[in-house]
Amino acid sequence: MLGRLPIGVKVFIAPAVIIVLMLCVMLVSELAVWRQQAAFLHVVGGPLTTSTATTRLLLAVGEVQSEMLRYAQLRQRLSAEDRIVSDLRLSVISKYQYVDTLFEKVRSTSGPDVSDAISNISDFLTIHRAVSLKIVDGAPVSSMTISTLMAHYQQLQSYIVELATRSLESAQAIEDDSAKTIENFSNYLRGGSIVIIVVSILLTYYVGRAISQPITNMISIVSSIAAGNLSTSVPGMQRRDEIGAMARAVDVLQEAYRELRVTQANLIHAEKMASLGQLTAGIAHEIKNPLNFVNNFAGLSAELLTELSEALKPGIDGLKAEERTEVEALLATLNNNLSKIAEHGRRADGIVKSMLLHSRGGGGERQSANINSLIEEAFNLAYHGARAQDKEFNIAIERELDPNLGPIELVPQDITRVFLNLFGNAFYATKKRQQDGKAGVNYRPVVRVTTRDLGYQVEARVRDNGVGVPPDVQAKMFTPFFTTKPTGEGTGLGLSISYEIIVQQHGGTMTIDSRLGEFTELIVQLPRRSARAGKPRMVTGATA
Amino acid sequence: MTVSILVVDDEPDVVELFRQRFRGEARRGDYALHFAESGERALELLGKGIRPELILILSDINMPGMDGLQLLHEIRQGWPHLAVMMVTAYDDDERRRSAAEAGAIDFLSKPVDFDYLKQRLRAFTSSPPLP
């Protein structure tokens, strides 16, 4: 589920969730405090105030009652006009005003749940006041009157006490409710904190794993690649997060590294071949001078021997028959030996000349030329050469030459030499297959030559349906003096020189593809503009 | 009339080779062969004067001490009318070019084609070459 999210987002998941949970807790506690405050205000402005005011009302009513009783007593002894009596009357009236004020307060603070009690109090307060005011306004005071007043008072008192009790109970109920709320909230908070801690731990672990697991995997993949295991398949390349990007980059690096290794191997091989070529040329130079003397003196000796034979002719003619035969036989053998020395000397000279070609790399003049016409020319030369040696020889050529190749920079005579070698080898391979007899009577030797435009380079392939090249030979075939031909038929220098011309001189590549008993294909790739080339010289018509 | 040829080469067997190749001509008195094993020795012989008349110098290029091309320069300075041919086992375009620029009349690669050399010499004796 987390796989698709970038690590940049992933690292924020756990903190974000924790922050949201914390905010929820804060909100809940804020709500609880607010509710608690409302409950407090409700209690203070409501039942509690009612209860207090009711208590004070009770006291005030009690005071009025006691003054009324005293007034009643005084009225029985003194006249209404007596000063004490009239003062008392005024006090009673003002006390009633105070009682009214208190009752108003009780009424205004009380809730609807005690409205019956309020109305009862109101009724009895009115009755009590009516009786009292009748007395203080001069009505006769009898024991009957006093007992009526007492009865009213007691009734009123009981109602007020009831109201006070009920108000207190109501306040108590609100308080209990509030305490319960606080306790509940406290439990929620505790539970919430535990949930937050657990969620945080799990989330941190899960997200951390989601981040670290692919990185750990990637480290082992990269280590494997670094250890040289270059066919490691990099997992997670299809992912859309940073790991996916990293995996794709690692895959690209692996591919580049693989190519680099191949290039390095090719380079090492090319260097090896170059030093072998230099060595070959160096050896050739050293051998050439003494070989020249051998050939020269062999030729001279043959001439001298002819002169000697002529000079000795009269003497030999005068010898006895068997002596003459022996001398003539000796002279003939000597002559024969000298021609053998000359023949093998010429052979060695041919080898040395081929070896010297190794040192000629870079010596030829680079020109802009069309490789197709060079290939045609080389094929004709090779074909007629082969026909001259063996009249029976025949081969079909299939040309797939790209007419739009355009000119490339090369040393024409050297490239021609390369294709001469390649065609020569192709002819040899088909001839050998024909001589094997395994191919059957329907075997038809074919050489196919293909050229292709590869953009910055040009490719030429020479393919024959001859005997094919076994893999162990493929590994050594570009080495100087390596040959599979019988002694005297090949120097083992053709392909090594060709390789040097293509790779060292022209900065191209030369590779082989072959299946035993089916085909051999030599693939030459030449850059259009060689890095080693100087300024190209455009040549029109014949070579300069 | 006999004319002289000077062969400059550090290989001692060159003496034997030329003597044998030219033994017929020597016998007939066409050419007198002179040999020098180094450029320095060749200049010394030239300084002393060679008799009979010297018509050609054949010089190897690769020699210890003064090489053939240096010798060619020296000869151009002191004996501007003498014909010089360079002979070498190292046949490449650069050596050919520098020999021609320095004024060699020919460039022979080893092994020397004596038939060609004799043919050129006959042309020399019939009409003296221009430097």
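Note on numbering: residues in each chain are counted from 1, in written sequence order. Each chain takes a letter, starting from A, and each ligand takes a number, starting from 1, following the order in which they are written. The predicted origin of the model limits local features to residues at a pLDDT of at least 70 and limits the giving and counting of side-chain atom pairs to 80 or more, whereas totals for whole chains, interfaces and linings rest on all residues.

**Quick word on the overall build of chain B**
Logical step 1: Along its length, chain B carries six helices and five strands.
Logical step 2: Helix numbers and strand numbers start at the N terminus; a helix is a DSSP run of H or I with at least 4 residues, a strand a run of E with at least 2. Ordered by position from the N terminus, the helices and strands of chain B form the series β-α-α-β-α-β-α-β-α-β-α.
Logical step 3: Looking at the 131 residues of chain B, the share that counts as buried comes to 28%.
Logical step 4: Across chain B, contacts joining residues at least 24 apart in sequence account for 67% of those joining residues at least 6 apart. With C-beta atoms placed from the backbone, a residue is labelled by how many other C-beta atoms lie within 10 Å of its own: buried for 20 or more, exposed for 12 or fewer, partly exposed between the two. Contact definition: two residues whose C-beta atoms, as placed from backbone geometry, lie within 7 Å.

**Quick notes on the overall build of chain A**
Logical step 1: Within chain A, the secondary structure is distributed over 11 helices and seven strands.
Logical step 2: Within chain A, counting contacts between residues at least 6 apart in sequence, those at least 24 apart form 77% of the total.

**A word on helix H1 (residues 13-21) of chain B**
Logical step 1: Turning to H1 of chain B, its buried residues number three or more, namely Val14, Leu17, Phe18 and Arg21 of chain B. Take H1 of chain B and look down its axis: the buried residues cluster within an arc of 90°, on one side only.
Logical step 2: Where H1 of chain B is buried, its residues contact helix H6 (242-317) of chain A together with strand E1 (3-8), strand E2 (31-36) and helix H6 (114-126) of chain B. Read the arc as the range of directions from the helix axis to the C-beta atoms.

**Concerning the environment of Glu303 of chain A**
Logical step 1: Positionally, Glu303 of chain A belongs in helix H6.
Logical step 2: Considered as a pair, Glu303 of chain A and Leu338 of chain A are 35 residues apart in the sequence and their alpha carbons are 9.9 Å apart.

**Focus: the interface of chain A and chain B**
When the parts of a complex come together, some accessible area is lost, and that lost area is often taken as the interface size.
Logical step 1: Between chain A and chain B, the contact holds 10 residues from the first and 10 residues from the second.
Logical step 2: Looking at the side of chain A that touches chain B residue by residue, the class counts come to three nonpolar, six polar and one charged. Ten residues, namely Ala, Val, Leu, Ile, Met, Phe, Trp, Tyr, Cys and Pro, are considered nonpolar, four, namely Asp, Glu, Lys and Arg, are considered charged, and the remaining ones, Gly among them, are considered polar.

**As for the packing of helix H4 (residues 115-136) of chain A against helix H5 (residues 143-226) of chain A**
All names here are of chain A.
Logical step 1: Note on geometry: axes are C-alpha line fits, over the in-contact stretch for helices, and angles between N-to-C directions span 0 to 180 degrees. For the pair H4 and H5, the least separation of the axes is 9 Å and the interaxial angle reads 155°. The orientation of H4 relative to H5 falls into the category roughly antiparallel. Our pair here, H4 against H5, has a crossing hand that is left-handed. Of the residues in H5, those in contact with Ala117, Asn120, Ile121, Phe124, Leu125, Ile127, His128, Val131, Ser132 and Ile135 of H4 are Thr145, Thr148, Leu149, His152, Tyr153, Gln155, Leu156, Tyr159, Ile160, Glu162, Leu163 and Arg166.
Logical step 2: Along the lines of polarity and charge, the residues of the contact of H4 with H5 split into 13 nonpolar, seven polar and two charged. These descriptions rest on fixed angle ranges, namely under 35 degrees for roughly parallel, over 145 for roughly antiparallel, 65 to 115 for roughly perpendicular, and the rest for oblique. Crossing handedness follows the turn of the near helix against the far one: under a right angle anticlockwise gives a left-handed crossing, and clockwise gives a right-handed one.

**A closer look at the sheet that holds strand E6 (residues 509-515) of chain A**
All names here are of chain A.
Logical step 1: Following DSSP output, two strands are said to pair if at least two bridges run between them. A sheet is described by the order of its strands in space; here five strands give the open sequence E2-E4-E5-E7-E6, paired in mixed fashion. Only two strands of the sheet have a single neighbouring strand rather than two, namely strand E2 (396-400) and E6. Across this sheet, the average inter-strand angle for adjacent strands is 15°, counted without regard to direction.
Logical step 2: Relative to strand E7 (residues 519-527), strand E5 (residues 457-464) runs antiparallel, the two sharing eight bridges. Considered in E7, the bridge of Ala460 is made with Val524.
Logical step 3: Its contacts with the sheet put helix H8 (residues 371-389) on E2, strand E4 (446-453) and E5, and the angle it makes with E4 is roughly 165°.
Logical step 4: This element, helix H9 (residues 412-436), spans E4, E5 and E7 of the sheet and lies at about 25° to E5.

**Here we look at H5 of chain A**
Within an α-helix, residues lying three or four positions from one another point in the same direction, as the helix has 3.6 residues per turn.
Residues and elements named next belong to chain A.
Logical step 1: Working rule for helices: expected span equals 1.5 Å times residues minus one. With 84 residues, H5 ought to run about 124 Å at 1.5 Å a step, and its terminal C-alpha atoms sit 122 Å apart, in line with that.
Logical step 2: Fitting axes to the seven residues that end at a residue and to the seven that start at it, the angle between those axes gives the bend at that residue. Of all the bends found along H5, the most pronounced is centred on Arg209 and spans about 25°.
Logical step 3: A positive backbone phi angle near 105° is found at Gly228, which sits one or two residues after H5.

**Here's the deal with the sheet that holds E1 of chain B**
Residue and element names in this part refer to chain B.
Logical step 1: An order of E2-E1-E3-E4-E5 is seen for the five strands of this open sheet, with the pairing classed as parallel. Among the strands making up the open sheet, the edge pair consists of E2 and strand E5 (106-109). Mean inter-strand twist for the sheet, computed between neighbouring axes without regard to direction, equals 20°.
Logical step 2: Contacts from helix H4 (residues 68-78) reach E1, strand E3 (54-60) and strand E4 (83-88) within the one sheet, and its direction differs from that of E3 by about 155°.

**Quick word on the packing of helix H1 (residues 7-45) of chain A against H5 of chain A**
Logical step 1: Two elements in contact, H1 of chain A and H5 of chain A, have axes separated by 10 Å at closest approach and are oriented at 175°. One element, H1 of chain A, and the other, H5 of chain A, form an angle in the roughly antiparallel class.

**Comments concerning the pairing of E5 of chain B**
All names here are of chain B.
Logical step 1: Both E4 and E5 contribute to a ladder of four bridges, which runs parallel. Bridging from a neighbouring strand, Met85 pairs with Asp106 of E5.
Logical step 2: Note on handedness: a clockwise path from strand one over the helix to strand two, with the strands aimed away from the viewer, defines a right-handed crossover. In this region the chain leaves E4, passes through helix H5 (residues 93-102) and returns to the parallel neighbour E5; the handedness of that crossover is right-handed.

**Observations regarding the pairing of E5 of chain A**
Residues and elements named next belong to chain A.
Logical step 1: In terms of strand pairing, E4 meets E5 through seven bridges, oriented antiparallel. Across the sheet, Arg448 pairs through a bridge with Arg463, a residue of E5.
Logical step 2: A loop of three residues connects E4 with E5, the two strands running antiparallel in sequence, and Gly455 in this loop sits at a positive phi of about 90°.

**Focus on the environment of Leu69 of chain B**
Residues and elements named next belong to chain B.
Logical step 1: Position of Leu69 among the secondary structure elements: in helix H4.
Logical step 2: Taking the C-alpha atoms as reference points, Leu69 and Ala99, 30 residues apart in sequence, are found 6.7 Å from one another.
Logical step 3: Non-local contacts of Leu69, meaning those with residues more than four positions away in its chain, are made with Ile61, Ser98, Ala99 and Ala102.

**Side note on the nonpolar core**
Logical step 1: With 46 residues, the main nonpolar core has Ile375, Ile415, Phe419, Phe423, Val462 and Ile502 of chain A as its most contacted residues.
Logical step 2: Formed jointly, this core draws a minimum of three residues from each of two domains, domain 2 (277-358) and domain 3 (363-527) of chain A.
Logical step 3: The contacts of Val462 of chain A, once residues within four sequence positions are left out, are Leu422, Phe423, Ala426, Val447, Val449, Glu521 and Leu522 of chain A.
Logical step 4: Counting 26 residues, the second-largest nonpolar core is a separate cluster that includes Ile5, Ala36, Leu69 and Val87 of chain B. What makes a nonpolar core is a set of buried Ala, Val, Leu, Ile, Met, Phe, Trp, Tyr and Cys residues, with links drawn between C-beta atoms within 7 Å. The source of the domain bounds is an automatic or database domain assignment.

**Notes on unusual backbone geometry**
Logical step 1: Going from Arg51 of chain B to Pro52 of chain B, the amide bond is cis rather than trans, its omega being -15°.
Logical step 2: Within the secondary structure, Pro52 of chain B sits in the loop between helix H3 (39-48) and E3.
Logical step 3: The step from Lys110 of chain B to Pro111 of chain B runs through a cis peptide bond, and the omega angle for that step is 0°.
Logical step 4: Its location among the elements puts Pro111 of chain B in the loop between E5 and H6.
Logical step 5: The phi dihedral of Phe481 of chain A is positive, around 75°, even though this residue is not glycine.
Logical step 6: Accessibility expressed as a C-beta count within 10 Å gives 13 for Phe481 of chain A, which makes it partly exposed.

**Examining the confidence of the model for chain B**
Logical step 1: Averaged over all residues, the pLDDT of chain B is 88; the fraction at 70 or higher stands at 96%.
Logical step 2: Among the prediction metrics, the complex's ipTM stands at 0.78, with pTM recorded as 0.51. The predictor attaches a confidence to each residue, called pLDDT, with possible values from 0 through 100.

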